[in-house]
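# Notes for the structure review
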Amino acid sequence: MRSKILIIDDDEKIISMLRRGLAFEGYDVITANNGAEGLKVILNGEPDIVVLDVMMPQVDGFEVCRRLREGGSQVPILMLTAKDEIEHRVKGLDLGADDYLVKPFALEELLARVRALLRRKPGQEEAGDHRLTYEDIVLDVDSREVLRGGKRLELTAKEFELLHLFMQNPKRVLSRDLIMDKIWGYDYSGESNVLEVYIAMLRQKTEEHGGKRVIQTIRGAGYILRGDS
């Protein structure tokens, strides 16, 4: 069965380009010209992935993302933004978006992101222990609950996956390429700092109750779960 992709964007040129490119790759494409229309489309049948523009009048992409996640939807969301500012990327990711692209972007890159998100649909967990512990952090794969020092951490889906990967590999240096392949499913691009954004967000949440830093940067090599500073 062909995957169904919903494009929500108020730019007709973007919609036309994406519709042609995605249809050529074999996807069923539906479109909406604004956030309110997009939400109505989703109510009539959730797509396999949503390509969501941020800057739209009335109901913008952030609000669409917020409503979907608060309503319990786990549909993969790829956000498009013309703003190459870290606070906008962090806001979208923190609301529950799975990935983002900054306009202008190459169609080939968007297609790679779409393929990766479709491979990593919610509910797909790797085999292994269902409850992982490192120092005072406890991660439950079945309930997707994370505790640190007995206090619950509110993580997005991608933050959970990232922490899960670290906790499966404690005290092991994980390269950027390996992390990007495991979590996003495509090769790391030096032009994209999505990994750095997620590392910063995950550190903030795991340290917000006074916990010491456990996700360390190994310059030139990657990251490691190690509580030595």
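Going by an unreviewed UniProt entry, the protein chain carries the name DNA-binding response regulator and comes from Paenibacillus rhizosphaerae.

### Some points on the pairing of strand β7 (residues 137–140)
Burial of β7 is two-sided: the residues Ile 137 and Leu 139 facing one way and the residues Val 138 and Asp 140 facing the other way are all buried. Where strand β6 (residues 131–134) meets β7, 4 bridges bridge the pair, whose relative direction is antiparallel. If you follow Thr 133 over to β7, its bridge partner there is Val 138. Two successive antiparallel strands, β6 and β7, enclose a turn made up of 2 residues, where Glu 135 displays a positive phi of approximately 50 degrees. When β7 meets strand β8 (residues 145–148), the two strands line up antiparallel, connected through 4 bridges.

### Some details on helix α3 (residues 61–70)
Listed in full, the buried residues belonging to α3 are Gly 61, Phe 62, Val 64, Cys 65, Leu 68 and Arg 69. Taken around the axis of α3, the buried residues stretch over an arc of 160 degrees, which confines them to a single face. Measuring from the side-chain oxygen of the N-cap residue of α3 to the backbone nitrogen of Phe 62 gives 3.2 Å; that N-cap residue is Asp 60. One or two steps after α3, the chain reaches Gly 72, where phi turns positive at roughly 95 degrees.

### Regarding the packing of helix α2 (residues 35–43) against α3
Packing of α2 against α3 brings their axes to within 9 Å, and their N-to-C directions diverge by 25 degrees. The angle between α2 and α3 falls in the class roughly parallel. As α2 runs across α3, the sense of the crossing is right-handed. Facing α2, whose interface residues are Gly 35, Leu 39 and Ile 42, α3 presents Val 64, Arg 67 and Leu 68. Considered class by class, the residues forming the contact of α2 with α3 number 4 nonpolar, 1 polar and 1 charged.

The rules behind the values
Residues numbered from 1 in each chain as written. Predicted model: local features only at pLDDT ≥ 70, side-chain atom pairs only at ≥ 80, totals over all residues. Heavy atoms only, no water. Buried < 20%, exposed > 50% of the residue type's maximum accessible area, 1.4 Å probe, protein only. Helix = DSSP H or I, 4+ residues; strand = E, 2+ residues; numbered from the N terminus. Pairing = 2+ DSSP bridges. Arc of directions from axis to C-beta. Polar contact = N/O pair within 3.5 Å; in protein donor to acceptor, adjacent residues only side chain to side chain. Axes fitted to C-alpha atoms, helices over the stretch in contact; angles between N-to-C directions. Parallel < 35°, antiparallel > 145°, perpendicular 65-115°, else oblique. Left-handed = near helix turned anticlockwise from the far one by under 90°. Contact = heavy atoms within 4.5 Å. Nonpolar A, V, L, I, M, F, W, Y, C, P; charged D, E, K, R; others polar.

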